[in-house]
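Examination of the molecular architecture
What follows is the residue order along each chain.
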Amino acid sequence: MNRSSIQTLPVEEAVRQIVETVQFAEKGAAPFALVLGSGFSHGLVPTARELVLESLPLWMKSLGGDESFEELAKASARERAVIARSFWENFVARNQRRGLKLTLNAQTGLPDDYSAAYKAAFTAQYSGAVGEPGPARRFQRALTRLEKPRLNAAHFLLASLLGVQPGRFRPSKLFKARSAFSRLILTTNFDPFLQTALQAVNRLYFMSDTPELGVGDEILDDPTDAVHLVYLHGSVHRRSQAASDQDIQTLKEKNAQRLEPVLKRHGVIVLGYSGWDDAVVEALAVCDRFDHRLYWCGLEPDPLAPGAFGPRVPEILRKPAALYVQIAGAGRFMAQLCSELVRGLPRLLDNPIGQLRELLDTIDLKELEELKTQSSAGSKAPQLSPSETSTALFVEAKRVVLERLEQAEQAFFGPAFTAPALNGGADQALAQSPLAMQVPGESPAAQSQRRSRIEQLLSSAQVAGRLGNYSESIRIADEALALPQLDPSERGELLLVRALGHYFLGQSETAISDWSKVAELPGAPVQQMAQALVNRGLAWGLKGDTDKALTDFTRVIEQLPGAPTGRVAQALFNRGVAWGKKGDTNKALSDYTQVIEQMPGASVEQVALALVNRGLTWGKMGDTDKALADYTQVIEQMSGTPVEQVAQALVNRGWAHYLMKRHAAFLADTQAAVDKQPALDSAAFNLGLAFLACGRDADALDAYREAGTRFPEAIETLGLPDLHEARKTWLAEERATPVIQLLQLLQVES
């Protein structure tokens, strides 16, 4: 990878620099402008690649057939691939006769250039897609599903950050700086999710979504504290959106010159944006500097690789003030920024009642109160008219609701609590007693407040961990662990939360230390000790210390009376895996069998996992019939088994059939696995091999094309090795060569 001509930053360092810029900025300033592309709406609307390969072909087929778009989307991966290939072949043939060209890959039958295909589909000059404004608008609105407001992590966390940032004259106790983060968002998306997110956090915003009229003066520093959303290609609310080359070029000429001075006076953070040759790229390319640097964030490990970004992006990244930041996703990046700039959890998660109460506080009903007073002034025994009764009801309803919300908020959140200082003997007393201790001189009300505070912090730490905000979960757990007189169950639960946070941040030694504290904590509930030992055992196993892992699992199984059945089953399963690593298949079989046959309280998921692993173990020992029986039990006899486990059992049973040269059964099981779990890469590649084994070479090529397109990173490990092995025994060279060449081509293109 050649990065010598650009500057790169680890994501942690980029977050640190961005946070420092915000903290050092002047009061009331908003140093950053955001540029957001389709990747920021990941999971909500398809990317250009997903639209070309799936959404558009399915939509066009639904218009002329009996099946709806939603029904077609549920078709098998192979059926969807056939629809896509047929659509693009027809589209190209239809437009070639009119002198319009679009190149398709000779092997895959799909467009070589997703960007070009996307633009052609939305260009009115081409026929057979959605080029006209009416069909294009209908298609875009269907994809964004306006009838069902949705948010992903990136939109929610960005809005949560913007929702608590201070204004020019309005401080915020929930924000860690006196300046704001950003009040200008430029997006090339058509979707309304940014609006939905800002509405969810009661944040004032205004929109510019008519780019054909030119970007106005509002894009300059605005005297208000509203967030400005600039839809550079239009939004779904408008009659048409810019998607064709001609439309984008026209908007570039109209708006790039106005964007350039605005961008250079900010720091610019680019997220989820591929960098088409549009107004933003033109403006960024012209900028000779940025007041607070340009951070281009992307998933690509090498931003200079062909096809990683648009053709002008390398030029932008070579600027002295430009930095490339490889991220794991827009949502995770926003989680890191949010945790560093916002105190505590996002407001909607931490105190939703308080947010609603504050919204009601902004509603001024004084006018209605005055009407009520005036109507009553001239009467000794006033009788309200129907209209006046309604007026009074509005005022009274607001008062009552606010009172109830305040009461609910106290119950939900707990009143503020300041921990009193303790003498040095308090911790020693805690270690000797499994019961909660009362601080000397503490009143019952204060004790109740302390318990409520502990519960609130524990809940917040758990929520932060579930959101993947591990640094915040650790911070909250540390705060709670510093409170006086925690009982063993509270201390144990907090240590478990903190341990997981450290583990997922790559701090395995610190995580093991916390799990060890729980495992040895006097008075800790047995279920917490079991959880700590299972997790510590897993951590030892991943570090390669199988003996320590076996010791922890065995302690749960044999030395913790009263441990929950689920934890014991988990320990047995993991001990079986550990025995397998040590080559002791008999002990592995014994542990798997105990989960399957001797633990009536084990969950169906645990039993299914044990059956699949026992089947694998039988297979390694050469007992194929027993392996098939275990897989069949998961597939056919266990109601409620998660679909991914059934799919894995089908893959394994199919492979057992393959080794026994039962090729028809291999194909049937593998096709069923793909239908149940299209995201299972091993099943996708096995399907191609199964078609080859059954002599269906054309179908095999289609299946391998689909697998290689969807899982290019697995071609080297799952696609090619089995083909090379098959060439040694039953697969003729002339049959293997086209498939191998196809996979190698897809590997290069990825």
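In this text, all values refer to a predicted model and were calculated from it rather than measured experimentally.

**Section: the overall build of the protein chain**
Scanning the protein chain from terminus to terminus reveals 33 helices and 8 strands. Approximately 35200 Å² of the protein chain is accessible, and the part contributed by carbon and sulfur atoms is 51%.

**Some words on the pairing of strand 2 (residues 32-36)**
Where burial is concerned, most of strand 2 is hidden: 5 out of the 5 residues are buried. In strand 2, alternate side chains face the same way, and those of Phe32, Leu34 and Leu36 on one face and Ala33 and Val35 on the other are all buried. The sheet contact formed by strand 2 and strand 3 (residues 182-187) spans 5 bridges and is parallel. Considered in strand 3, the bridge of Leu34 is made with Ile185.

**A closer look at the pairing of strand 5 (residues 227-231)**
Consecutive residues of a regular strand have side chains that alternate between opposite faces of the sheet. Counting buried positions over the 5 residues of strand 5 gives 5, a clear majority of the element. As judged from the 4 bridges shared by strand 3 and strand 5, these two strands associate in the parallel manner. Within the sheet, the bridge partner assigned to Thr187 lies in strand 5 and is Tyr231. Summarising the sheet, strand 4 (residues 205-208) and strand 5 pair through 4 bridges and their orientation is parallel. In the sheet register, Phe206 faces strand 5, and the bridge partner there is His228.

**Digging into the pattern of salt bridges**
Tallying each qualifying case throughout the model produces 40 salt bridges. Here Asp699 ties to Arg696 by a salt bridge, and the two come within 2.9 Å at their closest N and O atoms. With a closest N to O distance of 2.8 Å, Asp702 and Arg705 form a salt bridge. Of this pair, Asp702 and Arg705 are both found in helix 31 (residues 697-710), 3 residues apart, which corresponds to roughly one turn of the helix. A relative accessible area of 8% means that Arg705 is categorised as buried. Because the salt bridges share partners, they merge into one network encompassing Lys252, Asp277, Glu282, Arg312 and Glu315.

**Considering a negative patch on the surface**
On the surface, Asp66, Glu67, Glu70, Glu71, Glu79 and Asp675 cluster together into a negatively charged patch. On the basis of relative accessible area, Glu67 is assigned to the partly exposed category, the value being 44%.

**Notes on empty space enclosed by the protein**
Inspection of every chain in the model, using the stated rule, returns 2 cavities of 30 Å³ or more. The calculated volume of the largest cavity comes to roughly 120 Å³. Around the largest cavity, the lining comprises 16 residues; the ones closest to its centre are Ala77, Arg78, Leu687, Ala703 and Glu706. Going through the elements one at a time, helix 4 (77-96), helix 30 (681-693) and helix 31 are the ones with two or more residues in the lining of the largest cavity. Residues that form the lining of the largest cavity fall into these classes: 10 nonpolar, 1 polar and 5 charged. Taken as a whole, the second largest cavity holds about 40 Å³ of empty space. Along its surface, the second largest cavity is lined by Leu232, His233, Ile248, Leu251, Lys252, Asn255, Asp278 and Ala279. Its residues placed into classes, the lining of the second largest cavity shows 4 nonpolar, 2 polar and 2 charged.

**Considerations on the packing of helix 29 (residues 663-676) against helix 30**
Two elements in contact, helix 29 and helix 30, have axes separated by 9 Å at closest approach and are oriented at 150°. Regarding the angle of helix 29 to helix 30, the classification is roughly antiparallel. Handedness of the helix 29/helix 30 crossing: left-handed. Facing helix 29, whose interface residues are His663, Phe666, Leu667, Thr670, Gln671, Ala673 and Val674, helix 30 presents Ala683, Ala684, Asn686, Leu687, Leu689, Ala690, Phe691 and Ala693. Taken together, the residues of the contact of helix 29 with helix 30 sort by class into 11 nonpolar, 4 polar and no charged.

**What about unusual backbone geometry?**
Phi at Arg293 is positive, roughly 70°, even though this residue is not glycine. Along the chain, Arg293 turns up in the loop between helix 10 (279-286) and strand 7 (294-298). A relative accessible area of 38% means that Arg293 is categorised as partly exposed.

**Some details on helix 26 (residues 604-620)**
Counted at 1.5 Å a residue, the expected span for helix 26 with its 17 residues is 24 Å, and the 24 Å between its end C-alpha atoms agrees. Along helix 26, the positions that sit buried rather than exposed are Gln606, Val607, Ala608, Ala610, Leu611, Val612, Asn613, Arg614, Gly615, Thr617 and Trp618. Looking at the buried positions of helix 26, the neighbouring elements they touch are helix 24 (565-581), helix 25 (585-597), helix 27 (624-636) and helix 28 (643-659). Among the residues trailing helix 26, Gly622 stands out with phi positive, at a value near 85°.

**Comments concerning the environment of Ser68**
Turning to its location among the elements, Ser68 is positioned in the loop between helix 2 (48-63) and helix 3 (69-73). Exposure remark for Ser68: the relative accessible area of 28% places this residue in the partly exposed category.

**Topic: helix 1 (residues 11-24)**
Helix length check: helix 1, at 14 residues, gives a terminal C-alpha distance of 20 Å against a target of 20 Å (1.5 Å per residue), a fit within 8%. Restricting attention to buried positions, one finds in helix 1 the residues Val11, Ala14, Val15, Gln17, Ile18, Val19, Thr21 and Val22. For helix 1, the elements touching its buried residues are strand 1 (8-9), strand 2, strand 6 (267-271), strand 7, strand 8 (322-326) and helix 12 (330-341).

**Structural notes on the environment of Gly272**
Mapped onto the secondary structure, Gly272 falls in the loop between strand 6 and helix 10. With 24 residues separating them in the primary sequence, Gly272 and Trp296 have C-alpha atoms 9.2 Å apart. Apart from the residues within four sequence positions on either side, Gly272 is in contact with Gly37, Ser38, Gly39, Phe40 and Cys297.

**Details of the sheet that holds strand 5**
With parallel pairing, 8 strands are arranged side by side in an open sheet as 1-8-7-6-2-3-5-4. Bordering the open sheet on either side are strand 1 and strand 4, each of which pairs with just one other strand. One ladder, built from 4 bridges, connects strand 6 with strand 7; its direction is parallel. By the bridge assignment, Ile269 is partnered in strand 7 with Tyr295.

**Remarks on the environment of Thr144**
The residue Thr144 is located in helix 6 (residues 133-144) in this model. On the basis of relative accessible area, Thr144 is assigned to the buried category, the value being 3%. Spatially, the C-alpha atom of Thr144 lies 7.8 Å from that of Pro192, the residues being 48 residues apart in sequence. Residue contacts for Thr144: discarding those within four places in its chain leaves Val45, Arg150, Asp191, Pro192, Phe193 and Val236.

**Here's the deal with the side chain of Asn686**
Take Asn686: it is sitting in helix 30. Judged by its relative accessible area of 8%, Asn686 is buried. Setting aside chain neighbours within four positions, we find Asn686 in contact with Val651, Trp655, Phe666, Thr670 and Asp722.

**Digging into the side chain of Thr670**
As for its position among the elements, Thr670 is in helix 29. Look at Thr670 and you get buried, because its relative accessible area is 1%. When neighbours within four sequence positions are excluded, Thr670 is seen to be in contact with Ala683, Asn686 and Leu687.

**Remarks on the confidence of the model for the protein chain**
Across the protein chain, the average pLDDT comes to 85, with 89% of residues at 70 or higher. Within the model, pLDDT remains below 50 along residues 414-440, and this stretch shows 37 contacts once partners closer than five positions in the same chain are excluded.

**Remarks on the packing of helix 22 (residues 526-542) against helix 23 (residues 546-558)**
Running from N to C, helix 22 and helix 23 cross one another at 160°; their axes reach a closest spacing of 8 Å. Relative to helix 23, the element helix 22 is oriented roughly antiparallel. Both helix 22 and helix 23 take part in a crossing whose hand is left-handed. Residues Met529, Ala530, Leu533, Val534, Arg536, Gly537, Leu538, Trp540 and Gly541 of helix 22 pack against Lys548, Ala549, Asp552, Phe553, Arg555 and Val556 of helix 23.

Thresholds, definitions, all that
- Residues numbered from 1 in each chain as written.
- Predicted model: local features only at pLDDT ≥ 70, side-chain atom pairs only at ≥ 80, totals over all residues.
- Heavy atoms only, no water.
- Helix = DSSP H or I, 4+ residues; strand = E, 2+ residues; numbered from the N terminus.
- Areas by Shrake-Rupley, 256 points an atom, 1.4 Å probe, with all protein chains shown as cover.
- Buried < 20%, exposed > 50% of the residue type's maximum accessible area, 1.4 Å probe, protein only.
- Pairing = 2+ DSSP bridges.
- Salt bridge = Lys/Arg side-chain N within 4 Å of Asp/Glu carboxyl O.
- Patch = residues over 30% accessible without salt bridge, like charges linked within 9 Å, V, L, I, M, F, W, Y side chains within 5 Å.
- Lys, Arg positive; Asp, Glu negative; His and termini not counted.
- Charge placed at Lys NZ, Arg CZ, Asp CG, Glu CD.
- 1 Å grid on protein atoms, 1.4 Å probe; cavity = no way out; pocket = protein on both sides within 12 Å on 5 of 7 lines; lining within 4 Å.
- Points joined across faces, edges and corners; volume = space filled by probe spheres on them.
- Nonpolar A, V, L, I, M, F, W, Y, C, P; charged D, E, K, R; others polar.
- Axes fitted to C-alpha atoms, helices over the stretch in contact; angles between N-to-C directions.
- Parallel < 35°, antiparallel > 145°, perpendicular 65-115°, else oblique.
- Left-handed = near helix turned anticlockwise from the far one by under 90°.
- Contact = heavy atoms within 4.5 Å.
- Expected span 1.5 Å × (residues − 1).
- pLDDT = per-residue confidence, 0-100.

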